[in-house]
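# Structural overview for review
In case you want the letters, here they are:
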2 protein chains.
Amino acid sequence: MLPQIKERTAGLHQYGTAGGLAVYERLGNLPLKNWQQGSWPQAEAISGVRMAETILTDTYACGGCPIGCGRVVEVGEGPYAGVRGAGPEYETCAAMGSLCLIDDLSAIAKLNELCNRYGLDTISAGGVIAFAMEARERGLLDEGPIWGDAQGAIELLHKIARREGELSWLLGEGVRRAAEKLGGRALDFAMHVKGLELPMHDPRAYFSVAVGYATSNRGACHLQAFSHLFERVLTMPELGYPEVLPRDQAEGKGEMVAKLQNLMALFDSLKLCKFVLFGGVTLAPILTWFNCVTGWDLDQGQFLRIGERIFNLKRLFNVRLGVSRKDDWLPLRLLVHRRGEGGAPDALPPLGPMLADYYAYRGWDEEGIPTPEKLAELGLTDL
Amino acid sequence: MLPQIKERTAGLHQYGTAGGLAVYERLGNLPLKNWQQGSWPQAEAISGVRMAETILTDTYACGGCPIGCGRVVEVGEGPYAGVRGAGPEYETCAAMGSLCLIDDLSAIAKLNELCNRYGLDTISAGGVIAFAMEARERGLLDEGPIWGDAQGAIELLHKIARREGELSWLLGEGVRRAAEKLGGRALDFAMHVKGLELPMHDPRAYFSVAVGYATSNRGACHLQAFSHLFERVLTMPELGYPEVLPRDQAEGKGEMVAKLQNLMALFDSLKLCKFVLFGGVTLAPILTWFNCVTGWDLDQGQFLRIGERIFNLKRLFNVRLGVSRKDDWLPLRLLVHRRGEGGAPDALPPLGPMLADYYAYRGWDEEGIPTPEKLAELGLTDL
């Protein structure tokens, strides 16, 4: 199966995860200007394709991986000369780039390198910088970078990492806490779920993402369900999805997200990269490999049940910490703000009905708490 | 026109505002068990029809009113004997009755009398009692009434009004503050908007009510838009509504609520009772009367513009106090909880798109702030 994976993921190898960035801009999935804007002609300038044409020097792969989506870059000239090493992924190009209207790939490579060296998550760091830019524009901050200001973003990132100055203490706690401290209108544009800044996929472009972000156990995460790809290119016949689902349709998405969260919990436990899905790998061969390696003889239902148990177990941790329906929600900008242009100009996901479907499919009560019956079924009654 | 009003509102005179309570139960509009339940056979027992058959002794009318929806009741026997005077309206029968699963009309009359004497709003008081009942059921409170416990509700009301005991200090501040103090799961069933307890019309039964509650300037209010009636019986050709609109349709409801809020602001300023609408009075005769009384010569556009100015002016007060989109929302129970039975078993209002429509029609920005252009148009630029 390795040759097939390699063949089908050739684009991912050639251009990296940011290869599809310009396509995402056209689909309305690429976040722009802290999730406000609908389209942006500069998207091409920060894409993986452009990266391959300019600063890309090599690729790398995790151990044993036939894909090799990793980027190696080097910036030889200009203000960011000297950047050398791992290059930015899609999430980073978007978070440090389009989200902040920064259209300079070398600057993004610099910001990426700084995050790596400082040990900062590029999505959260980009989310915080975009939040700061909007706060500055609205007069809630009187210092910090403005939209598109790459140099200002770099300075802010240094300050946050080193906790230099008052602003760094405000922003270094993430957008939720920063917005709570600033108060008032800042709460309108604090883009997070459960305190975690949003990844770079727009729930207005892919309705399933609304449910995925709202219910992900660690806060907004595109990987716990990975569902947007099943609204664009991927299928999973074994789960009842032989075809790609329409992205602006709400029906069935609650159930789909729950099923995919269970599957992805399995992927994570197996330390299996989700990109093999692009290689045409579906559930059946994974189960075969699993049974070969472990010597067990699980059927598909038993296999998926493990994923469901993992997901519910994580939920129970959250429930004990006070999480419920009130926390399973999105920033209102994504539910109320139509961007009016781009690839999803008018779409707004109806999160209410999708979440109701999701809870019902999961066997949770209407407040998002796993029912005693569900816990008994999963063998988690002690918790 | 008076004979026409009198004839068309004969039912309102005969049975009071609670006359339609059982119909509302069948439509899924009557709140039950703190907005959890879909149907309730006991609704008839607390309706205006039953009131007329039992404790009603007389009716009364405000000065000059041809309708006379006011109730005069007397409870002659049983534990609530001695109640005498103004009887409960629909809102009170629902808030003190169905919301708490109290099916005893005499007890509701007693609770109504106590609220009147203590100077408590019956909607808020009922909302607080229902909240307390749910908190008790969920183990968040270890004292207070349980569902349907009329005597316990009466005792709690006394305590709240007199601030006797710890519980009264918790609940006497309303459901928002009580829920914030209790924390955790209590936030899931604190039914309020902007701190005001909800009136007795369900946004799941009448989608326009979702927008009306979310944007009403004083918090959840059924009177600032009065829109649910235009989804059931009323029309207003002058505003572009010659027919009743489908209640479970989202399209056009944002605009409709804005128009009706403007109109109702005029009604309130004129001290005009909205029940004349049931008498077949529409905008045209009101404008004629207005011009006759004032000696002015306003056309319909100028007339409605006054209402729009009033509504925007109120909004500006709120904006100065920090109100924005984040506050224009509903308790998630109404967006996520399908009741599964009754007259609106599956409906959940898609508040996001409706609110986007509403802001756009109002000429407010996407955070719900009136734009400078709109303020200039309304002659409110100084504010």
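Residues numbered from 1 in each chain as written. Chains lettered and ligands numbered in written order. Predicted model: local features only at pLDDT ≥ 70, side-chain atom pairs only at ≥ 80, totals over all residues. Heavy atoms only, no water.

Regarding its fold elements, chain A presents 17 helices and 5 strands. Structurally, chain A occupies a C-alpha span of about 60 × 50 × 40 Å along its principal axes. Within chain A, the fraction of its 383 residues that count as buried is 56%. Taking contacts inside chain A between residues at least 6 apart in sequence as the whole, the part at least 24 apart equals 65%. Put simply, chain A shows about 15300 Å² of open surface, and 52% of that area lies on carbon and sulfur atoms. Of the side-chain charges in chain A, 39 are positive and 47 negative, and the distance between the mean point of each set is 2 Å. (Helix = DSSP H or I, 4+ residues; strand = E, 2+ residues; numbered from the N terminus. Buried < 20%, exposed > 50% of the residue type's maximum accessible area, 1.4 Å probe, protein only. Contact = heavy atoms within 4.5 Å. Areas by Shrake-Rupley, 256 points an atom, 1.4 Å probe, with all protein chains shown as cover. Lys, Arg positive; Asp, Glu negative; His and termini not counted. Charge placed at Lys NZ, Arg CZ, Asp CG, Glu CD.)

Residues and elements named next belong to chain B. Assignment of secondary structure puts Q37 in the loop between α3 (21-27) and α4 (48-53). Sequence-wise, Q37 and H337 are 300 residues apart; in three dimensions their C-alpha atoms are separated by 9.7 Å. Of the polar contacts made by the side chain of Q37, one reaches the backbone oxygen of S39; its length is 3.0 Å. (Polar contact = N/O pair within 3.5 Å; in protein donor to acceptor, adjacent residues only side chain to side chain.)

Attention shifts here to the packing of helix α5 (residues 90-97) of chain B against helix α7 (residues 122-137) of chain B. All names here are of chain B. Where α5 contacts α7, the two axes come as close as 8 Å, and the packing angle between them is 15 degrees. Our classification of the angle between α5 and α7 gives roughly parallel. Taken as a pair, α5 and α7 cross one another with a handedness that is left-handed. Here E91, T92, A95 and M96 of α5 lie close against α7, whose contacting residues are T122, I123, A125, G126 and I129. Considering only residue class, the contact of α5 with α7 consists of 5 nonpolar, 3 polar and 1 charged. (Axes fitted to C-alpha atoms, helices over the stretch in contact; angles between N-to-C directions. Parallel < 35°, antiparallel > 145°, perpendicular 65-115°, else oblique. Left-handed = near helix turned anticlockwise from the far one by under 90°. Nonpolar A, V, L, I, M, F, W, Y, C, P; charged D, E, K, R; others polar.)

Right, let's get into the domain arrangement of chain A. Residues and elements named next belong to chain A. Domain annotation for chain A reports domain 1 (1-200) and domain 2 (205-383). Here the C-alpha centre of domain 2 lies 25 Å away from the C-alpha centre of domain 1. Carbon and sulfur atoms supply 62% of the area that domain 1 and domain 2 bury against each other, a total of about 2800 Å² over both sides. The three residues of domain 1 that bury the most area against domain 2 are L27, V193 and K194, which together make up 22% of that side's buried surface. On the surface where domain 1 and domain 2 come into contact, there are 2 salt bridges. (Domains from an automatic or database assignment. Buried area = accessible area lost by both parts, 1.4 Å probe. Salt bridge = Lys/Arg side-chain N within 4 Å of Asp/Glu carboxyl O.)

Residue and element names in this part refer to chain B. As paired strands, strand β1 (residues 56-60) and strand β2 (residues 70-74) are joined by 4 bridges and run antiparallel to one another. Along β2, the bridge assignment pairs D58 with V72. As defined by bridge partners, β2 adjoins strand β3 (residues 84-86) across 3 bridges and the pair is classed as antiparallel. By the bridge assignment for β3, V73 is matched with G85. (Pairing = 2+ DSSP bridges.)

The subject of this paragraph is the side chain of B:T122. The residue B:T122 is located in helix α7 in this model. A polar contact is formed between the side chain of B:T122 and the side chain of B:T92, at a distance of 2.9 Å.

Our focus in this paragraph is the sheet that holds strand β3 (residues 84-86) of chain A. Residue and element names in this part refer to chain A. Spatial strand order, β1-β2-β3: 3 strands in an open sheet with antiparallel pairing. In the strand order of this sheet, the two ends are held by β1 (56-60) and β3, each with one partner. Across the sheet, the mean angle from the axis of one strand to that of its neighbour is 20 degrees, orientation sign disregarded.

In this section: the interface of chain A and chain B. Where interface size is quoted, it is often the accessible area lost as the parts come together. Of the residues lining the interface, 27 residues belong to chain A; the matching set on chain B comes to 27 residues. On the chain A side of the contact with chain B, A:D188, A:R325 and A:V336 bury the most area, a combined 23% of that side's loss. Applying the counting criterion to the chain A and chain B interface returns 12 salt bridges. Applying the counting criterion to the chain A and chain B interface returns 16 residue pairs in polar contact (both at pLDDT 80 or more). Elements supplying a minimum of two residues to the side of chain A that touches chain B: α15 (333-336) and α16 (351-362) of chain A. Looking at the side of chain A that touches chain B, the element that brings in the most residues is α16(A), giving 6 residues. Across the side of chain A that touches chain B, the residue classes break down as 11 nonpolar, 5 polar and 11 charged.

On to the sheet that holds β3(B). All names here are of chain B. Within the open sheet, the 3 strands sit side by side as β1-β2-β3. Their pairing is antiparallel. Bordering the open sheet on either side are β1 and β3, each of which pairs with just one other strand. With direction set aside, neighbouring strand axes in the sheet form an average angle of 20 degrees.

Between side chains of opposite charge, a pair can form as their charged atoms come close. Evaluated as defined, the whole model comprises 61 salt bridges over all chains. Residue B:E367 pairs with A:R185 through a salt bridge whose shortest N-O separation is 3.3 Å. Highlighted residues: B:E367 in the loop between α16 (351-362) and α17 (372-377) and A:R185 in the loop between α10 (175-182) and β4 (192-193), drawn from two different chains. You can call B:E367 buried: its relative accessible area is 2%.

To continue, consider α5(B). Residues and elements named next belong to chain B. Taken across its 8 residues, α5 has 8 buried, putting it largely inside the fold. The set of residues buried in α5 consists of Y90, E91, T92, C93, A94, A95, M96 and G97. Against the buried residues of α5 lie α3, α4, α6 (105-118) and α7.

Once that is clear, we can look at the packing of aromatic side chains. All names here are of chain A. Going through the model one piece at a time under the given rule, you end up with 22 aromatic pairs over all chains. Arranged with centres 6.2 Å apart and planes meeting at 35 degrees, the rings of Y359 and W364 form a pair that is tilted. Summarising the burial analysis for this pair, Y359 and W364 share the class buried. Three or more aromatic residues joined by ring pairs make a cluster, and in this case those are F311, Y358, Y359 and W364. (Phe/Tyr/Trp six-rings, centres within 6.5 Å; stacked < 30°, edge-to-face > 60°.)

Our focus in this paragraph is the environment of A:V72. All names here are of chain A. With respect to the secondary-structure elements, V72 resides in strand β2 (residues 70-74). In this structure, the C-alpha to C-alpha distance between V72 and A86, residues 14 residues apart in sequence, is 4.6 Å. When near neighbours in sequence (up to four residues on either side) are disregarded, V72 contacts I55, L56, T57, D58, T59, Y60, G85 and G87.

Working note: α-helix, 3.6 residues per turn, so residues spaced by three or four point in the same direction. All names here are of chain A. By the burial criterion, the buried members of α10 are V175, A178 and A179. Projected onto a plane normal to the axis of α10, the buried residues spread over an arc of 95 degrees and lie on a single side. Residues of α10 that are exposed and point over 90 degrees away from its buried face: E180 and K181. Residues of α10 that are buried sit in contact with α7 (122-137), α9 (166-171), β4 and β5 (196-197). Phi turns positive, to about 70 degrees, at G183, one or two residues after α10. (Arc of directions from axis to C-beta.)

Superposition of chain A onto chain B requires a rotation of 180 degrees combined with a translation of 0.0 Å along the rotation axis, giving an RMSD of 0.0 Å. Such values leave the two copies arranged in the relation of a two-fold axis. Across chain A, the smallest distance between a C-alpha and the rotation axis is recorded for A:P350, namely 2.8 Å. Most of the interface of chain A is mirrored in chain B: 100% of its interface residues are interface residues there too. (Least-squares fit on C-alpha atoms with pLDDT ≥ 70 in both.)

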